[in-house]
Amino acid sequence: MTKHQKTAVVLNVLIFVTMAFATVSMIVGFYFMGEVKFLSASNFSAFKYFTVDSNVFAGLVALAFLIFKLSPAGKRSAKLPRVLYVLKLAATTGVTLTMMVTVFFLAPHTTTTYFAYFMNSNFFMHLVTPLLCIISFVFFEPAEKQSFPVTFAGIIPMVLYGFFYIPNILLHLENGKTSHTYDWYGFLDGGLNTIWFVIPVILAVTWIFSILLWVLNKKIAR
C-alpha cells in the first residue's frame, strides 16, 4: 500500500470515527461545548436533519472504503472501483452542501453568535467531517476515468431528502404560511411561493459542488 493509500485510510478512519462520535453525542444529548442546540435533537428525531443524514452516509461510505482498501483487491489497486467512487462523490457532495449552507446561509442569519452552528456535535457535522471528506476525496482517492454524467450522483441524496422535507412543510402550513418547526432550515422564509425558485437553486448548487469535486478529483487525485 502506497503512502497516498495509507493517508486515505487514515482520513477515512477519522471520517467514520468523527461521524460516529457526533451522531451518538447528538442522539444521547451529550453537550461538550455548552448546551447550544441549533439543528440538534437529543433522540432519533435528529435524523430529520440533512446534516445528520449526510454525515452518517459519509461515515458509512468511509467504512465501505476501509473494507475495500483492507481487502486483498483493495491493497493491490490504487484506484477506486466505479461503485465506490459514485458513493464517495455522492457522500462528499452531501457533506459539502451541509458545510456551505451552514457557513454562508444558516450561521450568518442566526439571531445569536455565528459560531452557534459549530458547537458540540455540529462542530464535527458542519465542519470537521465535511473537510475530511473533501480532502480525502480530492487528494487521495483516485479512480479510473469517470465521465461527466457521474456528477448527477451528487444530487441524489438531496433529491431523496427533498421527498421528505418538502411534503413535511406543506402538510404543516399555518394559515397558509410555513412554520420554522417544520421548515427548520428556513429555506421558505420568503413565502411559500418561493418554493419554485428555492428548490431548483438548491439542486443546482448541489450539482455545482458535485461537478467541482469531480473535476478536482480528476485533476489532483489521479
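Below is a short write-up of the structure. (Residues numbered from 1 in each chain as written. Predicted model: local features only at pLDDT ≥ 70, side-chain atom pairs only at ≥ 80, totals over all residues. Heavy atoms only, no water.)

**Focus on the environment of isoleucine 134**
Note the threshold: Helix and strand definitions here come from DSSP, where helices need a minimum of 4 consecutive H or I residues and strands a minimum of 2 consecutive E residues; each element is numbered from the N-terminal end. Residue contacts are defined here by distance: any two heavy atoms, one from each residue, within 4.5 Å place the two residues in contact.
Checked against the element boundaries, isoleucine 134 lands in helix α5 (residues 121-140). Those residues in contact with isoleucine 134 that lie beyond four places of it in its chain are Thr92, Thr96, Met99 and Leu213.

**Comments concerning α5**
Threshold: We define the bend at any residue as the angle between the axes fitted to the seven residues before and including it, ending there, and the seven starting there. Per-residue accessibility, obtained with a 1.4 Å probe over protein chains only, is compared with the maximum for each type, and a residue is labelled buried under 20%, exposed over 50%, and partly exposed between these values.
Taken as a whole, α5 carries its principal kink of about 35° at valine 128; the proline proline 130 stands between one and four residues after it. Of all 20 residues that make up α5, 15 are buried, and the element is covered over most of its length.

**Quick look at the side chain of histidine 126**
Let me state the cut-off plainly: N or O atoms closer than or at 3.5 Å make up a polar contact, with two conditions inside protein: a donor-capable atom paired with an acceptor-capable one, and, for residues adjacent in sequence, both atoms drawn from side chains.
Tracing the chain through its elements places histidine 126 in helix α5. Given a relative accessible area of 0%, histidine 126 falls into the buried group. Looking at histidine 126, its side chain comes within polar contact range of the side chain of threonine 51, at 3.1 Å. At 2.6 Å, the side chain of histidine 126 and the backbone oxygen of tyrosine 117 are in polar contact. With residues up to four places along the chain from it excluded, the contact list for histidine 126 reads Leu39, Thr51, Thr98, Met99, Thr102, Tyr117 and Phe118.

**So, unusual backbone geometry**
One non-glycine residue, asparagine 120, adopts positive backbone phi at about 55°. Along the chain, the position of asparagine 120 falls in the loop between α4 (82-106) and α5.

**A short note on the pattern of salt bridges**
Stated precisely, the cut-off is as follows: We count a salt bridge whenever a side-chain nitrogen from Lys or Arg sits within 4 Å of a carboxyl oxygen from Asp or Glu.
Counted by the stated rule, this structure contains one salt bridge. A salt bridge links glutamate 141 to lysine 88, with the shortest nitrogen-to-oxygen separation between them at 3.1 Å. Of this pair, glutamate 141 sits in the loop between α5 and α6 (156-170) while lysine 88 sits in helix α4, and the two are 53 residues apart along the sequence. Each member of the pair, glutamate 141 as well as lysine 88, is classed as buried.

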